[in-house]
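Architecture at a glance
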Amino acid sequence: MSASGGTKAIVAALVANLSIAVAKFVAFLFSGSSSMLAESVHSLADSGNQGLLLLGGKKAKREATPQHPFGYGRERYIYAFLVSIVLFSLGGMFALYEGYEKIKHPHEITAWYWPVGVLVFAIIAEIFSFRTAIKESNQTRGDRSWTEFVRRSKAPELPVVLLEDLGALVGLILALGGVGLALATGDGVWDGIGTLCIGILLVVIAIVLAVETKSLLLGESAGLEEVEKIKAAVVDGDTVTGIIHMRTLHLGPEELLVAAKIAVQHDDTATEIANAINAAENRIREAVPIARVIYLEPDIYNAEAAATGANPGKTPGGPVPQAPQVPEAPKDLGH
């Protein structure tokens, strides 16, 4: 996995979550807090999720085969989708169940210093992990907002780690609030309510991750900036006079397929067209380095044929819609 995949952020989150999971489970054994048990399972699930992301990055590096000629770049999307399933089931649903049981059968928290101490330690560790994820994300985020970054990023690892760390921090605050209220009031129901809130939070994050990674699995096009760069690189104004239509598809976070039908002059020779296509491919790869697979099909541009296509005005390289003709004034039939 390249640096853009956020390997450093994944490893930092993995180390933090493993240490936190052990500490939370020890706190649960000594205190009996259901929030601690839910949070320990949450941290354990997060640790497994980071392992899945690392495994997906490793599998994505495999060379293309005759059975998979476009390679295995989408492995990273598949494993990111598995993360959302694990977060929903092992994290969210378990916390909801544990919270319901604790509200139904509350009991007093003992050895309060264990859960409080562990929660403070966990918050510090998660802040370190979250800070690393933010720092790594800022290298590729550019001027996009955080919401847009999560929704538009083609590399799933950093959005996953960001949302997991954010959920972990908020969950720790909820757990601390539930434990604190249970200790202050002597009513263990508050501990269960805190656990229930953690479950709801994890389910919401899991659904967001599932929706975003599903879009990547279905296949997303290049970003608008990359599309404009490709269009500008294709046309040379000499042999290649325009783009009749073009499609782009991410084969993986760092692999882009470009397929376009390009307009050439009717009197160009085969040699001239072949040389122009090779030159256009080189310009595309220079403008957008992740464009690994490029198919350019030459054709003689026909404005009338393009006009009969679906929505020709929005087809790249298609004719510009003409303004409606104003009808001439009727002639005076009296003269």
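Residue numbers restart at each chain and count upward from 1, following the sequence in its written direction. Predicted model: local features are reported for residues with pLDDT of at least 70 only, side-chain atom pairs are reported and counted for 80 or more only, and whole-chain, interface and lining totals are derived from all residues. Excluding hydrogens and water, the side-chain figures rest on all heavy atoms present in the structure.

**Some thoughts on the packing of aromatic side chains**
Note on aromatic pairs: each is described by the distance of the centres and the angle between the planes. In summary, the pairing rule links any two rings of Phe, Tyr or Trp, Trp by its six-membered ring, whose centres are within 6.5 Å, and it sorts them by plane angle into stacked for under 30 degrees, edge-to-face for over 60 and tilted for everything else. Tallied over the full model, the rule gives three aromatic pairs. Considering the side-chain rings of W146 and F149, the 6.1 Å spacing of their centres and the 90° angle between planes classify their relative orientation as edge-to-face. Of this pair, W146 and F149 both sit in helix α5 (residues 146-152), separated by three residues, roughly a single helical turn. Buried residues are those whose accessible area, probed at 1.4 Å on protein chains only, stays under 20% of the maximum for their type, while exposed residues exceed 50% and partly exposed ones sit between those limits. Assessed through its relative accessible area of 1%, F149 is described here as buried. The ring centre of Y72 lies 3.9 Å from the NZ or CZ of R62, which sits over that ring. Placement of a charge over a ring requires the Lys NZ or Arg CZ to be within 6 Å of the ring centre, with the centre-to-atom vector within 35 degrees of the ring normal. Between R141 and the ring centre of W146, over which it is positioned, the NZ or CZ distance is 4.0 Å. Only DSSP runs of H or I reaching four residues or more are called helices, and only runs of E reaching two or more are called strands; each is numbered from the N terminus.

**A closer look at a negative patch on the surface**
Think of a patch as exposed residues, more than 30% relative accessible area, with no salt bridge, where like charges cluster within 9 Å and nonpolar side chains (Val, Leu, Ile, Met, Phe, Trp, Tyr) cluster within 5 Å. In these tables, accessible area is a Shrake-Rupley quantity obtained with a 1.4 Å probe, and a residue counts as shielded only by the protein chains included in the view. When a carboxyl oxygen of Asp or Glu lies within 4 Å of a side-chain nitrogen of Lys or Arg, that pair is called a salt bridge. Under the counting rule used here, the positive set is Lys and Arg, the negative set is Asp and Glu, and His together with the chain ends is not counted. Here the site of a charge means atom NZ of a Lys, CZ of an Arg, CG of an Asp or CD of a Glu. Residues D236, D238, D267 and E272 make up a contiguous surface patch of negative charge. Structurally, the position occupied by E272 is in helix α9 (residues 270-287). Owing to a relative accessible area of 39%, E272 belongs among the partly exposed residues under this scheme.

**A word on the confidence of the model for the chain**
Across the chain, each position has a pLDDT score giving the predictor's confidence in that residue, from 0 to 100. Here the chain shows a mean pLDDT of 83. Residues at 70 or above account for 88%. Per-element averaging of pLDDT across the chain places helix α10 (residues 303-307) at the bottom with 61 and α9 at the top with 93. We call two residues in contact whenever any of their non-hydrogen atoms come within 4.5 Å of each other. For residues 310-327, every residue scores under 50 in pLDDT, and the model assigns this stretch 22 contacts once sequence neighbours within four places are set aside. Here residues 329-335 is modelled with pLDDT under 50, and outside its nearest four sequence neighbours on either side it reaches zero contacts, counting other chains as well.

**A closer look at the packing of helix α1 (residues 7-31) against helix α6 (residues 157-185)**
Between N-to-C directions, angles cover 0 to 180 degrees, with each direction set by a line fitted to C-alpha atoms, over the stretch in contact for helices. Across the interface, α1 lies against α6 with an axial gap of 10 Å and an inter-helix angle of 30°. In terms of orientation, α1 and α6 fall into the roughly parallel class. In the packing of α1 onto α6, the handedness of the crossing is left-handed. Mapping the contact onto sequence places A9, I10, A13 and K24 in α1 and E157, L158, V161, D165 and L172 in α6. Ten residue types, Ala, Val, Leu, Ile, Met, Phe, Trp, Tyr, Cys and Pro, are classed as nonpolar, four, Asp, Glu, Lys and Arg, as charged, and the remainder, Gly among them, as polar. Of the residues that constitute the contact of α1 with α6, the class distribution is six nonpolar, no polar and three charged. The scheme is simple: roughly parallel for angles under 35 degrees, roughly antiparallel for over 145, roughly perpendicular for 65 to 115, oblique for anything else. The crossing is said to be left-handed when, going from far helix to near helix, the turn is anticlockwise and less than a right angle, and right-handed when the turn is clockwise.

**Some words on the pattern of salt bridges**
One pass over the structure, following the stated rule, counts 10 salt bridges. Of the charged contacts in the structure, one is a salt bridge between E228 and K231, with a shortest N-O distance of 3.8 Å. Of this pair, E228 and K231 both sit in helix α8 (residues 224-234), three residues apart, roughly one helical turn. Overall, the relative accessible area of 28% leaves K231 in the partly exposed class. Connected through salt bridges with shared partners, the residues R76, E157 and E254 form a single ionic network.

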